[in-house]
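Next come the chains, spelled out residue by residue.
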Amino acid sequence: MSLAAIVNLNHPASYVHWGFFQMSISNLIVIILMIVVFAAAIALPFPGSRRRRNNS
Amino acid sequence: MSASGKQSWTVRLREAGVRTMPPERLLPDGQPAYMSSWIYIFGVLTIAALVVIIFSGTILGLKGPAWWHYTSIGHFFNSIHLWAVELFFFFMVVHLWGKFFMAAWRGGRSRVWMSGAISFLISIAAAFTGYVSQQNFDSQWIATQAKDGLNSTGIGAFFNVLNFGQMYTYHVLLLPVVVIGLVSAHILLVRRHGIVPPIPLPELGVHGLAGADAAAVSAAETAP
């Protein structure tokens, strides 16, 4: 119950519009998060990978 | 060996299984060095989310709609089920992007790619039948909107989104069986063909690696 108060969901979803393109803010946030996580997964070093690279 | 000298079908099946999937390939000792990257963990994260989906969905199925709508613990498991689905698709999409830009169908891995892609499509149908099986105003709204769309394709008489019993059967039995079967096949194919290596960088030699690492990548690229 307390968590539900952080974001009030009792109203129609908000949307962004770019010409013919339309998307809900919640879907847009999820897509941006996926892109951020994808970039971080490529950029961040994996634990133990540096030691192995130095050995080769 | 039977008395007639012919092997029984169980022996032939066992030998074919071991030939297709040797135990050391099914459960390997280790993985190649190039797997030391965060991008390789999204497949197993997707599977972990799927396990939570199946577990929470089983509890929801055992208790029924009144339980998941009117009790606190029912709300809790309903939320677990929803957020596990959100994470399932989140991880699966990042996994898909990673494998797409890695061209993961290389080295005879086309069936690995196709089983993954079809799992994704069937999962969307499984999630959709879940949304229309909630037994609330939200599911009624989604179902009536979807009915208009599906009617335009002509499938409405066969796949009726306003029919709760039909959608629920699709959601808790038919589509999960297909998804679990495809994901299992996908994992077995990954084991058979090995994890896809990075795309070669010719100017740096084999993937910029040297010695044993380069040899391992070359071997993985030509794996059956």
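In this text the structure is predicted, and so the values were computed from the model without any measurement.

Focus: the overall build of chain B
Then step 1. In terms of regular secondary structure, chain B is built from 9 helices and 0 strands.
Then step 2. Shown N-terminal to C-terminal, the secondary structure of chain B runs as helices and strands in the order α-α-α-α-α-α-α-α-α.
Then step 3. When the 224 residues of chain B are sorted by exposure, 23% land in the buried category.
Then step 4. Taking as baseline every contact in chain B between residues at least 6 positions apart, the subset at least 24 positions apart corresponds to 70%.

Quick word on the overall build of chain A
Then step 1. Across its full length, chain A carries 3 helices and 2 strands.
Then step 2. When the helices and strands of chain A are read in sequence order from the N terminus, they spell out α-β-β-α-α.
Then step 3. Here chain A, with 56 residues, has 2% of them falling under the buried criterion.

Side note on the pairing of strand β2 (residues 21–24) of chain A
Residue and element names in this part refer to chain A.
Then step 1. Relative to β2, strand β1 (residues 15–18) is paired through 4 bridges, and the arrangement is antiparallel. Residue pairing in the sheet places Trp18 in a bridge with Phe21 of β2.
Then step 2. Linkage of β1 to β2, two consecutive antiparallel strands, is achieved through a turn of 2 residues, within which Gly19 is found at a positive phi near 60 degrees.

Here we look at the packing of helix α2 (residues 25–43) of chain A against helix α5 (residues 72–101) of chain B
Then step 1. Two elements in contact, α2(A) and α5(B), have axes whose closest approach is 10 Å; the angle formed by their N-to-C orientations is 50 degrees. For the element pair α2(A) / α5(B), the angle class is oblique. The crossing of α2(A) and α5(B) is right-handed. Of the residues in α5(B), those in contact with A:Val30, A:Met34, A:Val37, A:Phe38 and A:Ala41 of α2(A) are B:Phe90, B:Val93, B:Val94 and B:Trp97.
Then step 2. For the contact of α2(A) with α5(B), the per-class residue count stands at 9 nonpolar, no polar and no charged.

Considering the nonpolar core
Then step 1. Core analysis: the biggest nonpolar cluster contains 12 residues, these being A:Phe38, B:Ile39, B:Phe42, B:Ala49, B:Leu50, B:Ile53, B:Val85, B:Phe88, B:Phe91, B:Met92, B:Val94 and B:Leu96.
Then step 2. No other element matches α5(B), which puts 6 residues into this core.
Then step 3. If near-sequence neighbours (up to four positions away) are discounted, B:Ala49 is found in contact with B:Ala84, B:Leu87, B:Phe88 and B:Phe91.

Quick look at the confidence of the model for chain B
Reading predicted coordinates in detail is not appropriate for stretches of low pLDDT.
Then step 1. Mean pLDDT over chain B stands at 90; residues scoring 70 or higher make up 88%.
Then step 2. As a predicted assembly, this complex carries a pTM of 0.84 together with an ipTM value of 0.81.

With respect to α5(B)
Then step 1. Over its 30 residues, α5(B) extends 44 Å from the first C-alpha to the last, a length consistent with the 44 Å expected when each residue adds 1.5 Å.
Then step 2. The complete set of buried residues in α5(B) reads B:Phe77, B:Asn78, B:His81, B:Val85, B:Phe88, B:Phe91, B:Met92, B:Val94, B:His95, B:Leu96, B:Gly98 and B:Lys99.
Then step 3. Where α5(B) is buried, its residues touch α2 of chain A together with α3 (42–63), α4 (65–70) and α6 (110–131) of chain B.

What about the packing of α6(B) against helix α8 (residues 164–193) of chain B?
All names here are of chain B.
Then step 1. At a minimum axis distance of 9 Å, the contact between α6 and α8 shows a crossing angle of 160 degrees. As the angle between them shows, α6 and α8 are arranged roughly antiparallel. With respect to the hand of their crossing, α6 and α8 are arranged in left-handed fashion.
Then step 2. In terms of residue class, the contact of α6 with α8 is made up of 16 nonpolar, 9 polar and 1 charged.

A look at the environment of B:Trp67
Then step 1. Relative to the helices and strands, B:Trp67 resides in helix α4.
Then step 2. Taking the C-alpha atoms as reference points, B:Trp67 and B:Gly98, separated by 31 residues in sequence, lie 40 Å from one another.

So, unusual backbone geometry
Residue and element names in this part refer to chain B.
Then step 1. Positive phi, close to 50 degrees, is recorded for Ala103, a residue that is not glycine.
Then step 2. In this structure, Ala103 sits in the loop between α5 and α6.
Then step 3. Look at Gln135: it is not a glycine, yet its phi comes out positive at around 65 degrees.
Then step 4. Mapped onto the elements, Gln135 comes out in the loop between α6 and α7 (137–151).

Rules and cut-offs
- Residues numbered from 1 in each chain as written.
- Chains lettered and ligands numbered in written order.
- Predicted model: local features only at pLDDT ≥ 70, side-chain atom pairs only at ≥ 80, totals over all residues.
- Helix = DSSP H or I, 4+ residues; strand = E, 2+ residues; numbered from the N terminus.
- Buried ≥ 20, exposed ≤ 12 C-beta atoms within 10 Å, placed from the backbone.
- Contact = placed C-beta atoms within 7 Å.
- Pairing = 2+ DSSP bridges.
- Axes fitted to C-alpha atoms, helices over the stretch in contact; angles between N-to-C directions.
- Parallel < 35°, antiparallel > 145°, perpendicular 65-115°, else oblique.
- Left-handed = near helix turned anticlockwise from the far one by under 90°.
- Nonpolar A, V, L, I, M, F, W, Y, C, P; charged D, E, K, R; others polar.
- Core = buried A, V, L, I, M, F, W, Y, C linked by C-beta atoms within 7 Å.
- pLDDT = per-residue confidence, 0-100.
- Expected span 1.5 Å × (residues − 1).

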